[in-house]
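# Architecture and fold: a report
Listed below, chain by chain, are the residues.
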Amino acid sequence: MSTIHDVAARAGVSAATVSRHLRGQRVRTAEAIQEAIDALGYRPSVAAQSLKSGRTHTIGVVVPDITNPYFAAVVKGMESASRDRGYRILLANSDESSEREDVVLTDMIHQVDGVILAPTTEQDETPLHIRDAGVPLVFVDRDLTGGEHFDAVLVNNHEGGRQAASHLLSLGHTRIAAISGQQESTPGRHRREGFVEALAEGGVELPPEFDLIGDFREESGYQLTLQLLSSAEPPTALFTANNLMTVGALKALHDMRIGVPDDVSVIGFDDLDTGPLLNPPLTVIDRPMVEQGVLAMRLLLQRLGQDDDRDRGSRRITLDTKLVQRGSTGVPRR
């Protein structure tokens, strides 16, 4: 097996420089060192590094729903950004529960060097305790009220909601419904606010019976779509604010033999691997999911790699969304 000295010799640097690179610190010869690591198949000894540095070389990742394909893609990005740095990921599921999140983080905080967290609500106070304990923390996907002091990689959810509404309005829809996520979370609140705002600018009101709140899970998308279809005048278009609720909505429409988009146009937030393969293919508001995970991990590794970096101001990245128009949206029936 290759050693750190083999890597150093191939890259033409000292073993200490290779060690700094592996800890995430900036070195001028990073490209040459990484080439040597890849060529030699070098993997640092986690046990040896931990004994020497006092670190566990483990990153804690807590997400609200590990069954959601979005979070699977985000964690994939994190893993790709951490694997060559000698860090492992300890993944936990909060199950959209603040109480569960508290328990998970309390158990995790002594086992990891840093945490990447998608908070269950914007009023979550647990991250404040993690910061006070001196553990670096990065938010992904979701934010806190007053969370500007934390590093974060977010998406422009407000603009994504606007894009969905503008698309339906451009097709001529006026009887439009939305199934949003929990309003205590950043994505749930911002997507709904953007959607309602764009509708109002287009002269269309979102009536209470068409303005429904789900829980980002498939069953809520299913049940709330059935509720919409029971209206005296059902909507001609539906926006679902995450991928799992979109799946539930499509199942309800299928069970009720409602044509898409002939009877109801559907646009979802977050693409699905099967989105282009559905009949009809699904129109979505998409975002760079894997990239979110990569960027979040890089921010955390930068915090871990420089002793003087913890006193720097927060770094916050907001990624754009985009409309992917396919066959599930069309003009309303006259």
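See the structure printed just above.
Attention here is on the structure that accompanies the text. (Residues numbered from 1 in each chain as written. Predicted model: local features only at pLDDT ≥ 70, side-chain atom pairs only at ≥ 80, totals over all residues. Heavy atoms only, no water.)

### Details of helix α3 (residues 30–40)
Every buried residue belonging to α3 is among Ile-33, Gln-34, Ala-36 and Ile-37, and all of these are buried. Along the axis of α3, the buried positions cluster into a sector of 160°, meaning they face one direction only. Here the buried face of α3 lies against α1 (4–11) and α2 (15–22). Just downstream of α3 lies Gly-41, where phi reads positive at about 65°. (Buried < 20%, exposed > 50% of the residue type's maximum accessible area, 1.4 Å probe, protein only. Helix = DSSP H or I, 4+ residues; strand = E, 2+ residues; numbered from the N terminus. Arc of directions from axis to C-beta. Contact = heavy atoms within 4.5 Å.)

### With respect to the nonpolar core
Membership of the largest hydrophobic core comes to 35 residues, with the highest contact counts inside it found for Phe-195, Leu-199, Leu-228, Leu-238 and Phe-239. Looking at this core, the elements with two or more residues in it are α8 (157–170), β6 (176–180), α9 (186–201), α10 (218–229), β8 (237–240), α11 (243–255), β9 (265–269) and β10 (283–286). Considering each element in turn, this core owes the most residues, 4 residues, to β6. In this structure, Leu-199 is in contact with Ala-165, Leu-169, Ile-176, Val-204 and Leu-206, ignoring residues within four places of it in sequence. (Core = buried A, V, L, I, M, F, W, Y, C linked by side-chain atoms within 4.5 Å.)

### Here we look at the sheet that holds strand β3 (residues 114–117)
What the 6 strands build is an open sheet, ordered β2-β1-β3-β4-β5-β11; its pairing is parallel. Edge strands, defined here as strands with exactly one partner in the open sheet, are β2 (88–93) and β11 (316–319). On average, each strand axis in the sheet is inclined to that of its neighbour by 15°, with strand direction left out of account. Two elements, strand β1 (residues 58–63) and β3, share 4 bridges in a ladder whose sense is parallel. Its bridge partner being in β3, Val-61 is matched across the sheet by Ile-116. (Pairing = 2+ DSSP bridges. Axes fitted to C-alpha atoms, helices over the stretch in contact; angles between N-to-C directions.)

### Some points on the pairing of β1
Most of β1 sits inside the fold, with 6 of its 6 residues counted as buried. By the alternation rule, side chains of β1 split into Thr-58, Gly-60 and Val-62 and Ile-59, Val-61 and Val-63, which are all buried. Strand direction decides the pairing type here: β1 and β2, joined by 6 bridges, are parallel. Residue Val-61 lies in a different strand from β2, and its bridge partner there is Leu-91. Once you follow β1 into helix α5 (residues 69–82) and on to β2, the crossover reads as right-handed. (Right-handed = clockwise from strand over helix to strand, strands pointing away.)

### Describing the sheet that holds strand β12 (residues 322–324)
Pairing between the strands of a sheet comes from backbone hydrogen bonds, and it takes one of two forms, parallel or antiparallel. As summarised here, the arrangement of the 6 strands in space is β7-β6-β8-β9-β10-β12, forming an open sheet in which the pairing is mixed. Every other strand in the sheet has two partners, leaving β7 (211–213) and β12 as the edge strands with one partner each. Geometrically, the sheet is characterised by an average inter-axis angle of 15° between neighbouring strands, direction not taken into account. Sheet topology note: the β9/β10 ladder contains 3 bridges and is parallel. Counted as the bridge partner of Gly-268 is Val-284 from β10. Across the sheet, α9 lies against β6, β7, β8 and β9, angled at about 165° from β6, the strand it touches most. Against the sheet, α11 touches β6, β8 and β9, its axis set at about 160° to β9.

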